[in-house]
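The chain contents come next:
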Amino acid sequence: MVKYTDETIVMKRIQTRLKWNKVWKRIFFLATMFALFILVVLVGRIVFQGIGYFDWDFFNQYASRFPEKAGVKAAFIGSILLMLVVAPTSIILGVATAIYLEEYAKKNKLNDLIRTNISNLAGVPSIVFGLLGLTIFVRMFGLGKSVLAAGLTMSLLILPIIIVAAQEAIRAVPNEQREASYAMGATKWQTISRVVLPAAIPGILTGSILALSRAIGETAPLVVIGIPVIVHFLPDSLLSEFTALPLQIYDWAKRPQEEFQHVAAAGIIVLMMVLILMNSIAVYIRNKFQKRY
Amino acid sequence: GTSNEEAENSGNSAQQKENGEGQITGSVMGDGSSTVAPITEALVEEYAAVQPNVQVSVGVSGTGGGFEKFIAGETDFSNASRDIKEEEAAALKDAGIEYTKFEIAYDGITVVVNSENDWATDLTIDQLKKIWIEDGTKKKWSDIDPSWPDEEIVYYAPGTDSGTFDYFDEIILDGEDLVRSAQLSEDDNVIVQGVVSDKNAIGFFGYAYYLENKDKLKAVSVNGVEPTNETIENGEYIPLSRSLYVFVNDGKVKENKAFFDFMKFSLENAGDMAEAVGYVRLPDEKYEEGLKRLEELK
Amino acid sequence: MVQRSGNGQSIQQLIAKNQKRTFKNIIEKGMPLFFIMAALISVITTLGIVFTLIFETIEFFKRVSIVEYLSGTEWYPFSGSNPTFGVLPLVLGTLKVTIIAIAVAVPLGLAVAIYLTEYATDRTRRIIKPILEVLAGVPTIVYGFFALTFVTPVLQTIIPSLKLFNALSPGIVVGIMILPSIISLSEDAMSSVPNGIREGALALGATKLEVSLKVVLPAALSGIMASIVLGISRAIGETMIVSLAGGATPTFDFNITGSIQTMTAYIVQVSSGDAGFGTTIYYSMYAVGFTLFIFTLMMNLVAHYISKRFREEY
Amino acid sequence: MENPGERQNLHSIERISVFRTNHFNLWYGKHHALKEINLAINENEVTAIIGPSGCGKSTFIKSLNRMVELVPAVKTGGEIFYRGRNIFDEGFEVEELRTKVGMVFQKPNPFPKSIYDNIAYGPRIHGIKNKKILDEIVEKSLRKAAIWEEVKDRLHHNAYGLSGGQQQRLCIARCLAIEPDVILMDEPTSALDPISTLKIEQLILELKKNYSIIIVTHNMQQAARISDKTAFFLNGEVVEYGRTEQIFSTPKDQRTQDYISGRFG
Amino acid sequence: MENPGERQNLHSIERISVFRTNHFNLWYGKHHALKEINLAINENEVTAIIGPSGCGKSTFIKSLNRMVELVPAVKTGGEIFYRGRNIFDEGFEVEELRTKVGMVFQKPNPFPKSIYDNIAYGPRIHGIKNKKILDEIVEKSLRKAAIWEEVKDRLHHNAYGLSGGQQQRLCIARCLAIEPDVILMDEPTSALDPISTLKIEQLILELKKNYSIIIVTHNMQQAARISDKTAFFLNGEVVEYGRTEQIFSTPKDQRTQDYISGRFG
Ligand SMILES: Nc1ncnc2c1ncn2[C@@H]1O[C@H](COP(=O)(O)OP(=O)(O)OP(=O)(O)O)[C@@H](O)[C@H]1O
Ligand SMILES: Nc1ncnc2c1ncn2[C@@H]1O[C@H](COP(=O)(O)OP(=O)(O)OP(=O)(O)O)[C@@H](O)[C@H]1O
Ligand SMILES: [Mg+2]
Ligand SMILES: [Mg+2]
Ligand SMILES: O=P([O-])([O-])[O-]
């Protein structure tokens, strides 16, 4: 038996290989720390700037020309309402589409088109969705600059993200589960609704919450739609006008008075808190319902 | 106050219900200039204290964007940091919308330089034009006046699609191109930063931004006149002071009692609010004249 | 022996009694119909985008020649005397930012993803991943101010010639913004590589580094590619960061230290600006939007092809 | 379903066929996976299907409850009769067929739900909602699958907490909960350890009293131990079918002989 | 490694221990999975590890190449000597150990690369880049794993296109490519059909001439057929260890007897 692997060379190489392993491990670790560091800097600066204006009153007051009296009441409630439109619309449509693609769609041209189309849509800039929302929802459907119009626009914007997340989650449900259900005489819809969806829910929800976090921070489409900024009332229906947190923050940041920069930072803190809350829910769901098969 | 009476007189529209002690309900929508927005915000804030049941919402789509929505009939009023353009007026006519223009404040466009700049503290219109016009060369301060430093000028200006830019371009450059090496920003605070950070910088922006940053940079006197509240209000700081306007849809004033009331409130308080947020009030006669015209629309 | 349950019927009899065929049939037929309609919404959305953009774009090309638009190197739409509409400077601005962003995000993102999947303990991963996902949700205007007021000044101390507005700083920050989605998606792709494959390599005496780079990374390539594509798309489409920190000066050069304007920033500029309705500038916003759309479309198609090509099946 | 007396009766005289296939053929796309299968499978017997990998064993038993149709591009020819009715007939709903013909898979595949919900799944989808009846069904099924004692105290824990062997018995219990007539088993013990395997085999012998069982297995000893009839498949064809003792002691076909003497189960 | 002549020599006189464990213990967290294991495993023999599920068979062989350390919270006590060196010694890099002690897993786990790249992976990480040498290694390894003829025309196709049995032999070939001294196999045939199983068993008997092989199996017949020594594990302990014939014919321990007589492999 001829030896190809020369013992001594192998031994020597092991030392260098191990060294590289160590070096790169450190590099990978530093990269991770760097990413975390940026987050800390980003958040730290904002908190430092804005914490002075961040109190209970800040939630309870409308925007004002006096920095100390300015608050996010309209914007905060507006953003929450916006999410109340976006969440059900995008999740229902997204999950339904994912179910169609994963469970029903046969291999044909139409379904190929739908699939390709979704991955394309995921890459379309949000600002283009803004133009879409303005033309279709605000103008053509006559919804005006309402919560509904903005909500539908945002729903379409995050729809591809939710579809993809839901597809992944549905695909991760082992086929044996479906077979088990069919073998009991269950119909397709029974199988989907009782076996597939419950098992896929954690994945669907975490994906959705991350998508919603994106929607809540989006500014550009709202600017393009022309959502008002100066609003001193709370929306009383889905068709009423409203303003949203990122717009309000953007408006404050452009004010000449320096104090408003701090007010803007306080607004950002509110936005980030909503965000962290949503992310925590995602983490909680993920850890609680972590798949067990 | 006065709104009491009006409230009793009309009421043919569903959205205007009377409500005890002169309280009215209804909604008013506006959009337009970002320059005017702080004044409007102050007005809305004050008005909400008087008439909490009137819902006023105002967008900040810029003067042009505001007119677009005004033409589409989506808004009751439109803020503008310039006069209406011919195309826009024509479009309004086509749409069958009659409108009235109200002046509500002055804004002085302030040319600023770095606080270390001790040469260009007073510029003539011609010098300004020479500095800012695009002529294909790289300009140095010494090109404007040989006694000035032999260093390149660094330019900061508001975004090309803003009323401020437009006005400056029209008045100083006669519509010719602004130097292309200018650093443009949509956020005037950033221009402040830019000029503060560079000794050879020059920039311009709304008077309010100057007021807030007086201690960090220097305002340039134009033809020997420094921009102050007085010089802007009494018209000495020409040609760089401009009027800020609100365009209202005449039909909506008639229909919408809340809108009339809001406009009335606006004209009564615009001067105070303008000053409060860093602009310059009009002479009182102008507001009174406006109020009179508003009454006529009713 | 037949089982009897409850009221003395066999389960099969209970089942037979419970069959409500018609209702079941309605649901069985109705649900797929609903699903396919939902799926078609995404197609309709695309059509809607094209529909939204196409008329104004056509109107624009009635006024500006398409050749000038596509080949012109000057974009001065607001010039009073001689407006020019050569889109290349905007495209270049977008490309600069995108390339810088990718150069930051891909190596960094992959490094973090490898660290999380291959080196970190389960606990660490479970703590770090959601924290990084917070980064993904940070509103882009926040990043915009971060770029302008933090990154640019820091960079200026290193590169004194860096302008207040430049491509570098927003490029880096866009990179940071897309970092979490690259990390998250590549981490998913890499952790779904079956453990057996890793063990196979380790059992051959491979180091973790070798397992990560030579086995896991190639096996997860198509997922990683997908994450990069999504990152690129978001970089191309990013608006607020570049509007705030990139300036508003479209230039046709390869300088990254000077002011730029991207396609998205231009759209925001016009849509929040002064341009009158019906002017060429107004229509140009849609033409640029359309260009942007075509741009991302092409890129997605290319990426789709690439990831199909390099897929390693397991 | 007949009453017990009747069944007992039939049992003692002559077995009735629960399944009879008539020139049954199946193609996966162009691949002809089952060729001219003619088999009659008796009531209350254990029928073993043996054969080398890829010969079509799984395909065959999945045809009996039409699970094979979940694979796209499957085409069938010929007929399969379940108690005299052609299972491919228009009027014979596939759901009805599967309610009568239960199936247990190679890898235990409980739902990621509680043990109780796993068993109650079948009755529930068929419209049984009464809590008391469900409780009864759950207990009875778990008892029949010889797992009641092990799980009765944790009925509401997740089924994934069970060991592999327990999971497989749970799956059998789940299948019993709708009281099928026939139970198909596709290598039900191949993922299990010997002790669990023994338990399942005992269970199968027990169940045979009330059910007809068709089992696919790789394990010759297992086939010999538990089945009444054995069918040997090769390349999609039935090479030999008959009483198990006969197949294992005096196979008629040389190929059967060869396969069996390999004895590397 | 010694040259063949020398080996032959040793073979005929007395076997040398490749592995010797000395009071080896292992805990998964608090679970004491291996207890006081004392075993000496000989060169050029096949050693079978048998025992019921969960008794620690896999844990044991994964300890021999320290793969078990990939599980978090594993603690070990005692020593394992590989050719006289304690594998837990500071200076003994785990990568070196694993280069000498190859492993084949229960489920075939080829890399999602071409067949060629799968085999070349090991040599490549050890720095062999020469195309000609690699070609040679690939061919030789595939030949030794008795799969060359089947794959030689599609060396550059993805390994996942192979059948399960082929994949397993590919994994063996991959392991052979770095010319290990010992090969550990954890139920290498349990996922395979009988024909593939037979091939692998023949291969093991072939490989034994040049390698020391330790194989975990559920299949008593298999252990009997191919191994020289057998160790019976129960609850993390070695109940009995000795020559295979002896263990299967005259076990000393009652528990071994019980387990073996079960014979439901
Ligand atoms: N979904 C499928 N698509 C195409 N061909 C298939 C499919 N399933 C099975 N086949 C082919 O049909 C033949 C019979 O497969 P089947 O799974 O029935 O074999 P089997 O006897 O159950 O084998 P094993 O013992 O490995 O389970 C095989 O050649 C297989 O490759
Ligand atoms: N990663 C782990 N963490 C905790 N306990 C484990 C882990 N792996 C195995 N065990 C436990 O250690 C014991 C021995 O497991 P091991 O996998 O070695 O058994 P085995 O004999 O190989 O069984 P099988 O025949 O099922 O493969 C079992 O009780 C098992 O539950
Ligand atoms: Mg099978
Ligand atoms: Mg094991
Ligand atoms: O918003 P503008 O005032 O610049 O039009």
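Residues numbered from 1 in each chain as written. Chains lettered and ligands numbered in written order. Predicted model: local features only at pLDDT ≥ 70, side-chain atom pairs only at ≥ 80, totals over all residues. Heavy atoms only, no water.

- Under the annotation held in an unreviewed UniProt entry, chain C carries the name Phosphate transport system permease protein and is attributed to Ureibacillus suwonensis.
- Under the UniProt heading Function (unreviewed entry), the note attached to chain C is "Part of the binding-protein-dependent transport system for phosphate; probably responsible for the translocation of the substrate across the membrane."
- Taken directly from UniProt, the Sequence similarities (unreviewed entry) text for chain C runs: "Belongs to the binding-protein-dependent transport system permease family. CysTW subfamily." (UniProt positions renumbered as here; feature names shortened; annotations may be inferred.)

Considering the overall build of chain B
Point 1. From N to C terminus, chain B includes 13 helices and 13 strands.
Point 2. In terms of C-alpha radius of gyration, chain B reaches 21 Å, essentially the compact-globule figure of 19 Å for 298 residues.
Point 3. Based on the C-alpha atoms only, the size of chain B along its principal axes is roughly 70 × 40 × 30 Å.
Point 4. Counting over 298 residues, chain B shows a buried share of 60%.
Point 5. Across chain B, every contact between residues at least 6 apart in sequence was considered, and the portion connecting residues at least 24 apart equals 74%.
Point 6. Carbon and sulfur atoms make up 44% of the accessible area of chain B, which amounts to about 11300 Å² in all.
Point 7. In chain B, which carries 26 positive and 60 negative side-chain charges, the distance between the mean positions of the two groups comes to 2 Å. (Helix = DSSP H or I, 4+ residues; strand = E, 2+ residues; numbered from the N terminus. Rg over C-alpha atoms; globule rule 2.2 N^0.38 Å. Buried < 20%, exposed > 50% of the residue type's maximum accessible area, 1.4 Å probe, protein only. Contact = heavy atoms within 4.5 Å. Areas by Shrake-Rupley, 256 points an atom, 1.4 Å probe, with all protein chains shown as cover. Lys, Arg positive; Asp, Glu negative; His and termini not counted. Charge placed at Lys NZ, Arg CZ, Asp CG, Glu CD.)

Some details on the sheet that holds strand β11 (residues 237–243) of chain E
All names here are of chain E.
Point 1. The six strands are arranged β7-β8-β9-β4-β10-β11 in an open sheet whose pairing can be described as mixed. If you trace the sheet from one side to the other, it starts and ends with β7 (101–104) and β11, each paired once. Averaged over all neighbouring strand pairs, the angle between strand axes comes to 15 degrees, with direction disregarded.
Point 2. Contacts from helix α2 (residues 57–64) reach β4 (46–50), β7, β8 (182–186), β9 (212–216) and β10 (229–234) within the one sheet, and its direction differs from that of β8 by about 155 degrees. (Pairing = 2+ DSSP bridges. Axes fitted to C-alpha atoms, helices over the stretch in contact; angles between N-to-C directions.)

A closer look at the site of ligand 5
Residue and element names in this part refer to chain B.
Point 1. In the vicinity of ligand 5, the residues found are S33, S34, T35, G62, T63, S81, S162 and G163.
Point 2. Contact between ligand 5 and S34: an oxygen atom at 2.6 Å from a side-chain N or O atom of the residue.
Point 3. Burial of ligand 5 by the protein chains amounts to 96% of its free accessible area of 200 Å².
Point 4. For the shell around ligand 5, the class distribution of residues is no nonpolar, eight polar and no charged. (Near = heavy atom within 4 Å. Polar contact = N/O pair within 3.5 Å; in protein donor to acceptor, adjacent residues only side chain to side chain. Nonpolar A, V, L, I, M, F, W, Y, C, P; charged D, E, K, R; others polar.)

A look at the arrangement of the chains
Point 1. Across the eight pairs of chains in contact, the largest number of contacts is found between chains A and C.
Point 2. At the level of C-alpha atoms, the two units chain B and chain D stay apart, their nearest approach being 51 Å.
Point 3. Nowhere do chain B and chain E come into contact; their C-alpha atoms are at least 51 Å apart.

A short note on the site of ligand 1
All names here are of chain D.
Point 1. Residues in contact with ligand 1 amount to 14 residues; listed here are only the nearest, S53, G54, K57, S58 and T59.
Point 2. Between K57 and ligand 1, the recorded distance is 2.8 Å, taken from a side-chain N or O atom to an oxygen atom.
Point 3. Between ligand 1 and T59, the relevant distance is 2.4 Å, taken from an oxygen atom to a side-chain nitrogen or oxygen of the residue.
Point 4. Protein chains shield 63% of the accessible area of ligand 1, which is 630 Å² for the free molecule.
Point 5. Looking at the shell around ligand 1, the elements with two or more residues in it are β2 (31–37) and α2 (57–64).
Point 6. If you tally residues by element for the shell around ligand 1, the top one is α2, at three residues.
Point 7. Residue composition of the shell around ligand 1, grouped by class: five nonpolar, seven polar and two charged.

Observations concerning the packing of helix α4 (residues 88–119) of chain C against helix α10 (residues 221–237) of chain C
Residues and elements named next belong to chain C.
Point 1. Close contact between α4 and α10 brings their axes to 9 Å; oriented N to C, the two are set at 145 degrees. The chirality of how α4 crosses α10 is right-handed. In this structure, α4 contributes T94, T98, A101, I102, V106 and L110 to the contact, and α10 contributes I224, I228, G231, I232, A235 and I236. (Left-handed = near helix turned anticlockwise from the far one by under 90°.)

What about the interface of chain C and chain A?
Point 1. Opposite the 75 residues of chain C that make contact, chain A presents 75 residues.
Point 2. Buried area between chain C and chain A, both sides added, is near 6800 Å², and the carbon and sulfur share of it is 77%.
Point 3. Contact with chain A buries area across many residues of chain C, yet C:E28, C:F35 and C:Y115 alone supply 8% of it, more than any other trio.
Point 4. Linking chain C with chain A are one salt bridge.
Point 5. For C:E210, the salt bridge is made with A:R17, and the minimal N-O distance between the two is 2.6 Å.
Point 6. The interface formed by chain C and chain A includes 10 residue pairs in polar contact (both at pLDDT 80 or more).
Point 7. Tallying contributions element by element places helix α2 (residues 21–63) of chain C first for the side of chain C that touches chain A, with 21 residues.
Point 8. Looking at the side of chain C that touches chain A, its residues break down into 49 nonpolar, 19 polar and seven charged. (Buried area = accessible area lost by both parts, 1.4 Å probe. Salt bridge = Lys/Arg side-chain N within 4 Å of Asp/Glu carboxyl O.)

Focus on the sheet that holds strand β11 (residues 237–243) of chain D
Residue and element names in this part refer to chain D.
Point 1. Spatial strand order, β7-β8-β9-β4-β10-β11: six strands in an open sheet with mixed pairing. Edge positions in the sheet fall to β7 (101–104) and β11, since each of these pairs with one other strand and no more. Strand-to-strand twist in this sheet, taken as the mean axis angle between neighbours without regard to direction, amounts to 15 degrees.
Point 2. Two strands pair when backbone bridges link them, and strand β8 (residues 182–186) and strand β9 (residues 212–216) are joined in this way by five bridges, in the parallel orientation. Looking at the pairing, L184 lines up with I214 of β9.
Point 3. Contacts between helix α8 (residues 194–207) and the sheet are confined to β4 (46–50), β8 and β9, with β9 contributing the most and set at about 150 degrees to the helix.

With respect to the environment of D:D135
Residue and element names in this part refer to chain D.
Point 1. Topologically, D135 is positioned in helix α5 (residues 131–144).
Point 2. Residues D135 and E45, 90 residues apart in the sequence, show an inter-C-alpha distance of 29 Å.
Point 3. Side-chain polar atoms of D135 contact the side chain of Y116, separated by 2.4 Å.

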